[in-house]
Amino acid sequence: MAVYKLSALAATLGLTVRGGQGVDPDITGINTLDDAVPGEVSFLANPKYTHKLATTRATAVIVSPEHADQVACALVSASPYQDFGRALALFAVRQGSFTGISDRAFVHPDAQLGQGVTVYPFVYIGPATSVGDGSTLFPGVYVGEHCKIGARCTLYPNAVLMAGTTLGDGCILHPGAVLGAEGFGFTRTPSGIQKIPQTGSVCLGDRVEVGANAAIDRAVLAKTEVGDDTKIDNLVQLGHNVTVGRECFIVSQVGVAGSTHIGNGCTLAGQVGVAGHLHIGDNVTLGPQSGVAQDIPSNTVMGGSPAVPQSTYMRTLALMPRFPELFKRLSKVEKLLEKLVGTKPAD
Amino acid sequence: MAVYKLSALAATLGLTVRGGQGVDPDITGINTLDDAVPGEVSFLANPKYTHKLATTRATAVIVSPEHADQVACALVSASPYQDFGRALALFAVRQGSFTGISDRAFVHPDAQLGQGVTVYPFVYIGPATSVGDGSTLFPGVYVGEHCKIGARCTLYPNAVLMAGTTLGDGCILHPGAVLGAEGFGFTRTPSGIQKIPQTGSVCLGDRVEVGANAAIDRAVLAKTEVGDDTKIDNLVQLGHNVTVGRECFIVSQVGVAGSTHIGNGCTLAGQVGVAGHLHIGDNVTLGPQSGVAQDIPSNTVMGGSPAVPQSTYMRTLALMPRFPELFKRLSKVEKLLEKLVGTKPAD
Amino acid sequence: MAVYKLSALAATLGLTVRGGQGVDPDITGINTLDDAVPGEVSFLANPKYTHKLATTRATAVIVSPEHADQVACALVSASPYQDFGRALALFAVRQGSFTGISDRAFVHPDAQLGQGVTVYPFVYIGPATSVGDGSTLFPGVYVGEHCKIGARCTLYPNAVLMAGTTLGDGCILHPGAVLGAEGFGFTRTPSGIQKIPQTGSVCLGDRVEVGANAAIDRAVLAKTEVGDDTKIDNLVQLGHNVTVGRECFIVSQVGVAGSTHIGNGCTLAGQVGVAGHLHIGDNVTLGPQSGVAQDIPSNTVMGGSPAVPQSTYMRTLALMPRFPELFKRLSKVEKLLEKLVGTKPAD
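The structure reproduced in this document is the subject of the present report. (Residues numbered from 1 in each chain as written. Chains lettered and ligands numbered in written order. Predicted model: local features only at pLDDT ≥ 70, side-chain atom pairs only at ≥ 80, totals over all residues. Heavy atoms only, no water.)

### Quick notes on the nonpolar core
Within the largest apolar cluster, 195 residues are counted, with the highest numbers of intra-cluster contacts made by A:Leu204, B:Leu204 and C:Leu204. Each residue touching C:Leu204, except ones within four places of it in the same chain, is listed here: C:Thr166, C:Leu167, C:Gly168, C:Cys171, C:Leu173, C:Leu179, C:Val210, C:Ile216 and C:Val226. Listed in part, the 24 residues of the second largest apolar core include A:Val333, A:Leu336, B:Leu337 and C:Phe327. (Core = buried A, V, L, I, M, F, W, Y, C linked by side-chain atoms within 4.5 Å. Buried < 20%, exposed > 50% of the residue type's maximum accessible area, 1.4 Å probe, protein only. Contact = heavy atoms within 4.5 Å.)

### Structural notes on the packing of helix H4 (residues 323-341) of chain A against helix H4 (residues 323-341) of chain B
Remark: H4(A) packs on H4(B), axes separated minimally by 11 Å, with the N-to-C direction vectors making an angle of 35°. As H4(A) packs across H4(B), the resulting crossing turns out to be left-handed. Where H4(A) approaches H4(B), its residues A:Phe323, A:Leu326, A:Phe327, A:Leu330, A:Ser331, A:Val333, A:Glu334, A:Leu337, A:Leu340 and A:Val341 are matched on the opposing element by B:Phe323, B:Glu325, B:Leu326, B:Arg329, B:Leu330, B:Val333, B:Leu336, B:Leu337 and B:Leu340. Classifying every residue of the contact of H4(A) with H4(B) gives 15 nonpolar, 1 polar and 3 charged. (Axes fitted to C-alpha atoms, helices over the stretch in contact; angles between N-to-C directions. Helix = DSSP H or I, 4+ residues; strand = E, 2+ residues; numbered from the N terminus. Left-handed = near helix turned anticlockwise from the far one by under 90°. Nonpolar A, V, L, I, M, F, W, Y, C, P; charged D, E, K, R; others polar.)

### Concerning the side chain of A:Thr300
Residue and element names in this part refer to chain A. Assignment of secondary structure puts threonine 300 in the loop between strand S37 (291-292) and strand S38 (301-303). Separated by 2.6 Å, the side chain of threonine 300 and the backbone oxygen of proline 297 make a polar contact. Among the polar contacts made by the side chain of threonine 300, one reaches the main-chain carbonyl oxygen of serine 298 at a distance of 3.1 Å. Leave out the neighbours within four places in its chain, and threonine 300 touches Asn283, Val284 and Thr285. (Polar contact = N/O pair within 3.5 Å; in protein donor to acceptor, adjacent residues only side chain to side chain.)

### Quick notes on the sheet that holds strand S2 (residues 16-19) of chain A
Strand pairing in a sheet is mediated by backbone hydrogen bonds. Such pairs are either parallel or antiparallel. All names here are of chain A. In spatial order, the strands read S2-S7-S6-S5-S4; together these 5 strands make up an open sheet with mixed pairing. Looking at strand neighbours, the two that pair on one side only are S2 and strand S4 (29-30), the edges of this open sheet. Sheet topology places strand S5 (residues 40-43) next to strand S6 (residues 60-63); 3 bridges connect them, and they run parallel. Bridging across to S6, phenylalanine 43 finds its partner in isoleucine 62. Strands in contact with helix H1 (residues 6-13) are S2, S5, S6 and strand S7 (73-76); relative to S7, the strand with the most contacts, it is inclined by about 20°. (Pairing = 2+ DSSP bridges.)

As structure tokens, this is what we get:
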């Protein structure tokens with residue numbers, strides 16, 4: 001476990017210590033305002049928890065300048081949540097308990113492993129595949145032939161890379177993630193269902209993460225691609241020939257159908273569905289459970305299923321509880337009119 | 001295969017035999033009214049199948065008192081479905097074909113295995129981990145370091161417990177379930193996406209089940225928790241720091257975003273989505289595909305996306321087919337008014 | 001890599017060569033109009049890409065007769081997409097890098113393997129199980145006891161067959177697919193939640209595919225069944241006792257609850273949810289994200305949640321943006337009436 005002097009921690013993070021009465025205690029970890037004990041640092045990122053500053057037992061708290069006077073010892077920060085994240089990274093323990101290349105793994109003689117690669121027992125690595133320096137493959141990982149794994153990648157247990165998959169540097173595949181399974185390519189013919197072979201591959205950029213039990217299918221031809229720094233959550237499905245740009249968040253249980261292109265900087269919230277062969281621009285945000293069946297221009301926020309601009313969606317939602325009222329009001333108008341003219345307002 | 005005399009079966013279940021003409025046949029299994037053959041017991045739990053009592057070939061049928069006269073031999077029960085379940089349990093064969101600790105498994109020397117533990121080939125157990133008495137780990141299971149598995153747990157093939165995960169007694173993890181993968185913790189900063197380390201853990205109570213390929217993420221700090229007797233179906237996603245109470249049903253493909261609390265006795269139907277940082281009370285029922293974006297008080301039934309009280313939801317659904325009618329009626333009113341006053345009902 | 005003379009390729013596919021100036025070049029692969037290089041064949045299936053015929057570098061293009069004059073060398077086809085698929089199959093390389101029965105697999109002595117079976121390292125095959133001729137089991141596959149796998153099946157990495165599962169011939173299980181996990185069978189009782197044992201099995205017909213990380217649960221009693229030629233995409237959930245007919249497409253992230261029957265030739269689009277105990281007829285199409293809570297007759301197209309006939313759904317969608325207008329128009333009518341009669345159109 002890491003231990004920092006408070007002053008050293010502040011210096012490492014580039015923060016100013018305020019208060020603390022001149023002592024320089026040991027810091028052994030990071031914790032919430034509620035759970036922190038003496039020796040731990042906490043943080044205030046969400047103003048709704050400000051009242052907890054008064055009762056926390058944390059030795060110091062990462063806070064913005066306006067809250068610095070509310071704690072006995074403050075680490076003053078312009079971005080408390082980001083600095084909390086950086087502090088946490090200093091104390092985080094990397095998972096795992098194995099080093100080296102296990103003789104219980106199967107590494108094909110034609111595979112190439114870089115320096116400092118870790119291969120746990122029960123890993124399978126096929127021929128003509130390379131694994132970059134410092135990468136780690138946990139038990140149950142399968143890497144097919146002709147794959148290329150960059151440096152410092154982590155493939156957690158039971159992650160699967162089918163043949164021809166490429167990962168950049170610093171990628172993380174969470175347990176059970178499947179890259180390069182055959183896309184869903186079939187066509188109905190008069191003589192039954194015909195399978196379209198899926199001969200392309202999957203290619204991830206640098207620092208891409210793929211969540212637990214997520215699936216990214218190989219392309220029919222060419223590549224299914226995910227750009228640098230895009231983060232994909234658990235149980236997401238990306239169909240064949242999907243392309244996703246850089247720095248996107250694809251939240252849990254999203255499904256994107258084949259050949260759709262998603263631009264840079266997009267956020268797809270949980271359980272979103274996107275139909276195939278669409279073009280989603282840059283910096284698009286899709287609200288939770290929304291369903292997209294049309295192209296979307298850049299810098300748009302959409303909601304609902306089928307998705308409409310968020311403002312339209314919110315307006316429709318606001319009206320929905322008033323539908324019964326609408327029917328009642330119309331009935332009254334009709335009755336009054338009937339009385340006035342002595343006949344129903346019918347054809 | 002188990003065999004019971006009918007009288008012994010009735011006694012074991014606490015049921016009364018009615019009919020049967022004094023013979024005491026061997027019972028070798030439980031089956032549906034349609035499929036049962038002589039020697040098997042069937043049951044009537046759903047009144048819509050009552051007519052099948054006349055034709056079933058079952059030797060005896062578990063029925064409520066009012067149906068006891070409709071079969072040649074009845075096992076009279078106050079709760080036929082529950083007693084069917086108990087009867088079935090008497091005949092059920094436990095899955096599996098292996099006992100002992102396989103020498104093809106990897107068990108870290110610092111792991112502790114209780115009495116009667118079964119470890120199949122290709123299991124990996126990390127250091128500082130304990131497995132309680134009578135637990136079974138199927139092939140491909142990964143258990144990281146610092147885990148604690150209670151007694152009589154079953155971890156089916158390829159289930160994954162990342163470091164620090166805790167299971168109570170009698171838990172069942174179905175194939176491919178992933179506990180303790182890193183939560184989806186990132187924040188956009190001016191210099192790009194920053195990863196927030198996920199240093200907490202996952203903790204399940206007693207008799208919790210987690211479905212095939214479901215995912216429960218580790219907490220950022222502290223614990224993601226699931227209470228005793230809660231049952232989680234296949235392909236469910238629980239985000240980091242989610243807490244679920246006791247005796248909940250979380251049905252297939254539900255997603256719950258980070259830091260949301262779900263109380264005791266709740267039922268989340270299939271494909272429900274719940275946003276993050278919410279508080280769902282006790283005994284809440286969420287209808288299928290509903291989407292929750294607000295706190296929900298206890299003892300509430302909700303439906304729709306976004307979810308509203310079920311009665312409101314049902315009322316809105318009932319009105320939806322009448323929208324075209326609404327537009328037509330309004331047009332007629334407008335025309336009649338125009339005729340009356342000689343001008344359109346405009347501004 | 002396969003190489004065909006163009007004339008031989010045309011003959012194999014039963015297509016006519018038009019143009020090409022009498023030369024008979026070698027063809028080494030199939031590619032898109034954009035990506036094809038000389039030596040490759042491309043295709044035009046979607047008319048919106050017709051303009052690309054002018055610029056493609058493909059040596060020949062599979063086109064329908066009306067486009068045959070727009071390329072230097074045409075392979076004239078009545079069904080370009082199907083013939084593209086057949087051409088692609090000629091060049092597709094089968095995945096995998098291992099043959100024979102690995103001594104690092106665990107094959108129970110009471111299991112029976114047919115001719116030409118491939119068993120990778122880290123496969124587990126239980127007793128009383130048979131694997132048909134020419135089938136391949138990739139690493140991490142688990143096959144429980146009393147299973148029956150037909151001929152020429154492919155079980156990709158980490159696919160799981162729990163006890164008693166049956167596959168026909170030519171089935172493909174994609175990575176992480178789970179067949180035969182226990183269904184979600186529980187009932188609330190006054191003394192807590194009671195588990196209903198799941199003692200049935202899963203039975204697939206011939207040429208069924210099951211997507212990556214999909215789950216098909218075993219039946220309570222009897223069988224969960226999927227008919228010949230049905231294709232199931234990634235992350236799909238089929239509950240206990242579901243039966244699906246022949247030649248269905250079940251697209252990614254669909255969930256079907258227990259005991260529902262789906263007929264032949266159905267298409268369930270992405271993220272569809274179907275409640276339990278329903279009867280869906282033949283040739284039913286369910287639109288993306290639709291939610292089904294009622295029986296559906298054959299030859300029906302449905303959309304929305306809850307699902308309604310597609311025409312109704314489309315009409316409702318078209319009206320939705322006009323709701324604000326509806327409220328405004330009604331208000332005007334009310335005001336005008338009030339002016340007319342000197343009182344509000346109230347009760």
